[in-house]
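# A closer look at the structure
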Protein chains: 2
Amino acid sequence: MTDATEGFPRISSTPAYKLVAEAIERQILSGRIRPGQPIGTEAALVKQFGVNRSTVREGIRLLEHGGLIRRDSNRRLSVGLPHYGRLATRMSRALVLSEVTFRELYEAAMVLQTATAEAAAERATPEILAELEANIAMTQHVSDDPAAVTELDAEFHTLIGKASQNRVLQLAREPTNLLIFPTTGLILRKIKEGTPRLIEAHRMILDALQRRDKDACRTWVRRHLNDWRRGFERTGKDLNQPIDRIYVQGEHSADAGAA
Amino acid sequence: MTDATEGFPRISSTPAYKLVAEAIERQILSGRIRPGQPIGTEAALVKQFGVNRSTVREGIRLLEHGGLIRRDSNRRLSVGLPHYGRLATRMSRALVLSEVTFRELYEAAMVLQTATAEAAAERATPEILAELEANIAMTQHVSDDPAAVTELDAEFHTLIGKASQNRVLQLAREPTNLLIFPTTGLILRKIKEGTPRLIEAHRMILDALQRRDKDACRTWVRRHLNDWRRGFERTGKDLNQPIDRIYVQGEHSADAGAA
DNA sequence: ACATCCTGCTTGTCTGACAATCGGACCGCC
DNA sequence: GGCGGTCCGATTGTCAGACAAGCAGGATGT
């Protein structure tokens, strides 16, 4: 005890792999390394940080998972922009796990979707309008298949997000999309007149976008979502119940490429 | 093209550490393991999965980073709810890295904050109203210190998020809060009349909340944000410029304990 | 009964190794 | 010269085994 080594407080119990992650993270966030630029190999990082490769690897995993780092085809490391889709998946997962109710979801979706659609009415480009048109045509074409319609519905709304040219809104809106989407499938399977109503709503929304008519846009988006809600209630469910666990997927499972 | 090799999906052998992560993730998402419940030790997982401990560790890191798994004081693993704050940090980081403009931020914030405030007007509890009141009093008290005012401003808006009792909105709104916040600091430092205006706006918003007056609420939130925008422009900046890199922090850096 | 010590268990880190894969150089053949 | 095939080095994914430090809980001495 009389020893000089006794009184020193714990400096920091932060494990080394976290320190490694932080160090690289700072480099990226500060802009010293730009997206797309390669990071050294594991061996190089080992030399730079003076820790073991296992430790470096654990640190790298963190960033890789966070999307700050990517491995391209060569399996080499490079800086990559965080992927919105992944983030949205994780947000929906968090929402489901905290047992958010359908009512909360509905309320938020109403706000976000109307706002996004209004922004889209201002700024939609001809290209996106064409994509929306194609989407509707395709929906009409597969209108017998609820699963396919559901998927196209989700795509439709994502396209509107893109049309808004506001990435903050897009990111905020995407989780509601992901969470509403599975329920839409259930509804369409149970309620026959759901699909035609959905298609009509999409048509009217697109029409409003083309005319740059924000009010009509708002009206039809509201109507569309209210249809969803009515359908939801007609399937015998309660808006106050939490979103079912089943609806959330792990973030590693979304790999089906766009056909 | 006439070749049969054109339609094959990309072969991608998923590395073992990812498989481990997915397996555990599925257990958690499906509800077989509940939040708070402990997961086996590393050694146990090694036995269950039949892979090396390094591999298990890399897999665990992924989930730990994603917030699905936590290490409590004993450093033992247990399931934990994803933390909203962390998610919001990561969202803002993604937005900054994709060079979102202040205009996008402003537009989204306008929508989200008004909607949140309206919801809060409906459902705010006396407890939260008291907290808001205390927050304003404190702001008044430190009105000489722009940094402190800024921090309290951020807290004020987070409280309104809580008052809305809509966690979807809350999560969607938080990133805009995080990103607007540093700029508010700059503005208050430069523009003297900023602080009193801010306090007045907070007062009026709280008043509207207490009267459950959604319209007044909306009006004052809009006014408050417009003040921010005017201040922003008066500091000589342009709404169309991307949000500065400096404003985003790594997610591991928030460690300064509350004094 | 209480304080103390010892003994595992668990995690964080390190050492060293090997197989598979990818990029590139090199070589032989048309 | 262009082409395909082969070999080599670099890099990653995975493994086996080891050790120090922190912590829990039981054994021990008083």
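Treat the numbers as computed from the prediction; the structure is a model and nothing was measured.

## Quick look at the relation of the copies chain A and chain B
Both copies of the chain are related through a single rotation about an axis accompanied by a shift along the same axis. For the match of chain A to chain B, the screw axis carries a shift of 0.1 Å, the RMSD comes to 0.2 Å, and the turn is 180°. What the rotation and shift describe, once combined, is the action of a two-fold rotation axis. The residues that chain A uses at the interface reappear at the interface of chain B in 98% of cases, marking a shared surface.

## Observations regarding the interface of chain A and chain B
A common way to express how large an interface is: the accessible area buried when the components associate. Taken residue by residue, the interface counts 54 residues in chain A and 53 residues in chain B. Summed over both sides, the interface of chain A with chain B buries roughly 5100 Å², with 62% coming from carbon and sulfur. Counting across the interface, chain A meets chain B through 10 salt bridges. A salt bridge links R93 of chain A to E25 of chain B; the nearest nitrogen and oxygen atoms lie 3.2 Å apart. Counting across the interface, chain A meets chain B through 24 residue pairs in polar contact (both at pLDDT 80 or more). Breaking the side of chain A that touches chain B down by element, the ones donating at least two residues are α1 (16–29), α3 (53–66), α4 (84–97), α5 (102–123) and α8 (167–190) of chain A. With 9 residues, α5 of chain A is the largest single contributor of residues to the side of chain A that touches chain B. When its residues are assigned to classes, the side of chain A that touches chain B shows 26 nonpolar, 12 polar and 16 charged.

## Overview of the packing of helix α7 (residues 146–164) of chain A against helix α9 (residues 194–210) of chain A
All names here are of chain A. Running from amino to carboxyl end, α7 crosses α9 at an angle of 20°, the nearest separation of the two axes being 12 Å. Our classification of the angle between α7 and α9 gives roughly parallel. Relative to α9, the crossing made by α7 is left-handed. Facing α7, whose interface residues are V149, D153, F156, H157 and I160, α9 presents T195, L198, H202 and I205. Taken together, the residues of the contact of α7 with α9 break down into 5 nonpolar, 3 polar and 1 charged.

## Details of the environment of I205 of chain A
All names here are of chain A. By secondary structure assignment, the location of I205 is in helix α9. On the basis of relative accessibility, which here comes to 0%, the residue I205 falls in the buried class. For I205 and T219, which are 14 residues apart along the polypeptide, the C-alpha to C-alpha distance reads 8.7 Å. I205 has contacts with F156, I160, C217, W220, V221 and H224, leaving out every residue within four places of it along the chain.

## A few points about the protein's contact with DNA strand C
Among the 16 residues in the neighbourhood of DNA strand C, the closest are listed as A16, Y17, N52 and T55 of chain A together with R53 of chain B. When atoms of DNA strand C within 4 Å of the protein are sorted by moiety, sugar and phosphate together comprise 60%. At a separation of 2.9 Å, a phosphate oxygen of DNA strand C approaches a polar backbone atom of N52 of chain A. When contributions to the surface near DNA strand C are tallied by element, the ones reaching two or more residues are α1 and α3 of chain A together with α3 (53–66) of chain B. No other element matches the 3 residues that α3 of chain B contributes to the surface near DNA strand C. Here the surface near DNA strand C is composed, by residue class, of 4 nonpolar, 4 polar and 8 charged.

## Points about the protein's contact with DNA strand D
Of all residues adjacent to DNA strand D, which total 15 residues, the nearest are R53 and R57 of chain A together with A16, N52 and T55 of chain B. Within 4 Å of the protein, the atoms of DNA strand D are drawn from sugar and phosphate moieties in a proportion of 63%. At 3.1 Å, a side-chain N or O of R57 of chain A approaches a phosphate oxygen of DNA strand D. Where the surface near DNA strand D is concerned, the elements lending two or more residues are α3 of chain A together with α1 (16–29) and α3 of chain B. Element by element, the count of residues in the surface near DNA strand D is highest for α3 of chain A, at 3 residues. Its residues assigned to classes, the surface near DNA strand D shows 4 nonpolar, 3 polar and 8 charged.

## Notes on helix α10 (residues 214–234) of chain B
All names here are of chain B. Here α10 contains 21 residues, and its C-alpha end-to-end distance of 30 Å stays within 8% of the 30 Å for a straight helix at 1.5 Å per residue. If you check which residues of α10 are buried, you get A216, C217, W220, V221, H224, L225, D227, W228, G231 and F232. Angularly, the buried residues of α10 cover 160° about the axis, an arc narrow enough to put them on a single face. Residues of α10 that are exposed and point over 90 degrees away from its buried face: D215 and R234. Turning to α10, the residues buried within the fold contact α5 (102–123), α7 (146–163), α8 (167–190) and α9 (194–210).

## Quick notes on the confidence of the model for chain A
All names here are of chain A. A residue-level look at chain A finds 89% of positions with pLDDT of 70 or above and a mean pLDDT of 84. When pLDDT is averaged over each helix and strand of chain A, the minimum, 82, is found for strand β2 (residues 77–79) and the maximum, 94, for α5. Below pLDDT 50 for its whole length, residues 1–11 participates in 1 contact with residues either more than four positions away or in separate chains. Counting contacts from residues 254–259, a segment whose pLDDT is below 50, to residues more than four positions away or on other chains yields 0 contacts.

## Notes on the nonpolar core
W228 of chain A together with W228 of chain B are the most contacted members of the largest nonpolar core, which has 52 residues in total. Mapped by element, the contributors of at least two residues to this core are α4, α5, α8 and α10 (214–234) of chain A together with α4 (84–97), α5, α8 and α10 of chain B. Setting aside chain neighbours within four positions, we find W228 of chain A in contact with F102, Y106, I180, T183, T184 and I187 of chain A.

## Here's the deal with the side chain of S98 of chain A
Residue placement: S98 of chain A occurs in the loop between α4 and α5. Within the structure, the side chain of S98 of chain A is placed 2.9 Å from the side chain of Y84 of chain B, a separation counted as a polar contact. Leave out the neighbours within four places in its chain, and S98 of chain A touches L81, Y84 and R167 of chain B.

Quick notes on the rules
- Residues numbered from 1 in each chain as written.
- Chains lettered and ligands numbered in written order.
- Predicted model: local features only at pLDDT ≥ 70, side-chain atom pairs only at ≥ 80, totals over all residues.
- Heavy atoms only, no water.
- Least-squares fit on C-alpha atoms with pLDDT ≥ 70 in both.
- Contact = heavy atoms within 4.5 Å.
- Buried area = accessible area lost by both parts, 1.4 Å probe.
- Salt bridge = Lys/Arg side-chain N within 4 Å of Asp/Glu carboxyl O.
- Polar contact = N/O pair within 3.5 Å; in protein donor to acceptor, adjacent residues only side chain to side chain.
- Helix = DSSP H or I, 4+ residues; strand = E, 2+ residues; numbered from the N terminus.
- Nonpolar A, V, L, I, M, F, W, Y, C, P; charged D, E, K, R; others polar.
- Axes fitted to C-alpha atoms, helices over the stretch in contact; angles between N-to-C directions.
- Parallel < 35°, antiparallel > 145°, perpendicular 65-115°, else oblique.
- Left-handed = near helix turned anticlockwise from the far one by under 90°.
- Buried < 20%, exposed > 50% of the residue type's maximum accessible area, 1.4 Å probe, protein only.
- Near = heavy atom within 4 Å.
- Expected span 1.5 Å × (residues − 1).
- Arc of directions from axis to C-beta.
- pLDDT = per-residue confidence, 0-100.
- Core = buried A, V, L, I, M, F, W, Y, C linked by side-chain atoms within 4.5 Å.

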